[in-house]
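Here is how the chains run, residue by residue.
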Amino acid sequence: LIGYAITYGDSHSGKVHGYLPCPNQSGGILGATEGNAAGSCAGKNISQIGRLPWKELNLPPLRDGDGECLWYAVSGTYKNNTPTDLMNWDTNGQLQVYASDGTTLLTPADNQAVAVIFAPGATQSGQARTSDSTTPACGGNYTASNYLDSDGTINNATVSAVANATSKFRLGTAAGINDQMLFITRQDIWNAMQKRNGFLATLNNMTQRVAECIAYFGTTNGKPL
């Protein structure tokens, strides 16, 4: 996912780096789109959740220790469609993650994750993971609550439908949750970006062009009154 983000502008003409794919939210007839990212996933700055889009990432279907394919939440500010208005290293995530004891894993509080990857673990009471023709590779279905758990307050299976809102997730193993998680922060993405050949040159070029533009404006618009 980090590699996808730091090469996004290379593979998407006219776009900047930093964006992450939408989740896989439908398998289509006979699993025709299983593993692919959704073409569009809700409005601007609204986070989304679904299965990890392994085909989009050029991966096989990744599974946890219980044989379940991984799930994935992406911050509305980092998903590629519908994209946020401004993407750069100051763009924050909208996902907050908590340890099994309820303490936050990200501090300060305004430092939030841009993506969370879930290993759903074994089936919990009330979850139905019945397979259908849309998931021939991973099996099961696309109902997040059949895989991701809730402690009664934090529900790992849902994200806020409100733009710019924070969504919360809790790590198992406590309070009825057995989900395991990994998360990606904006620092993870932009620290990797700085290691790209040519990235600093691009920044220097941009700074130089801005300086030239300001100087040109000053020399061609005369002395202010």
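Parameters and conventions
Residues numbered from 1 in each chain as written. Predicted model: local features only at pLDDT ≥ 70, side-chain atom pairs only at ≥ 80, totals over all residues. Heavy atoms only, no water. Phe/Tyr/Trp six-rings, centres within 6.5 Å; stacked < 30°, edge-to-face > 60°. Lys NZ or Arg CZ within 6 Å of the ring centre and 35° of its normal. Disulfide = S-S within 2.5 Å. Helix = DSSP H or I, 4+ residues; strand = E, 2+ residues; numbered from the N terminus. Buried < 20%, exposed > 50% of the residue type's maximum accessible area, 1.4 Å probe, protein only. Salt bridge = Lys/Arg side-chain N within 4 Å of Asp/Glu carboxyl O.

### What about the packing of aromatic side chains?
- Taken as a whole and judged by the stated rule, the model has 5 aromatic pairs.
- A cation over an aromatic ring shows up here: arginine 51 above the ring of tyrosine 142, its NZ or CZ 5.3 Å from the ring centre.
- Here arginine 51 stacks its cationic end above the ring of tyrosine 147, 5.3 Å away from the centre of that ring.

### Some remarks on the state of the cysteines
- Scanning the model with the defined rule gives 2 disulfides in all.
- Here cysteine 69 connects covalently by a disulfide to cysteine 138, the sulfurs 2.0 Å from one another. Measuring handedness by torsion sign, the sulfur bridge of cysteine 69 and cysteine 138 sits at about -90 degrees and is left-handed. Here cysteine 138 lies in the loop between β4 (113-119) and β5 (167-170) and cysteine 69 lies in the loop between β1 (48-51) and β2 (71-74), a separation of 69 residues in the sequence. For the residue pair cysteine 69 and cysteine 138, the accessibility class agrees, reading buried in each case.
- Each disulfide in the protein links cysteines that, numbered along the sequence, combine into the pattern 1-2, 3-4.

### Let's talk about the pattern of salt bridges
- The full count for this structure, using the stated rule, is 4 salt bridges.
- For aspartate 85, the salt bridge identified is with lysine 44, shortest N-O distance 2.7 Å. Residue aspartate 85 is found in the loop between β2 and β3 (95-98), and its partner lysine 44 is found in the loop between α2 (8-11) and β1; the two are separated by 41 residues along the sequence.
- Given a relative accessible area of 36%, lysine 44 falls into the partly exposed group.
- Here arginine 170 makes a salt bridge to aspartate 151, at a shortest N to O gap of 2.8 Å. With a gap of 19 residues between them, arginine 170 in strand β5 and aspartate 151 in the loop between β4 and β5 connect regions that are remote in the sequence.
- For aspartate 151, a relative accessible area of 23% corresponds to the partly exposed category.

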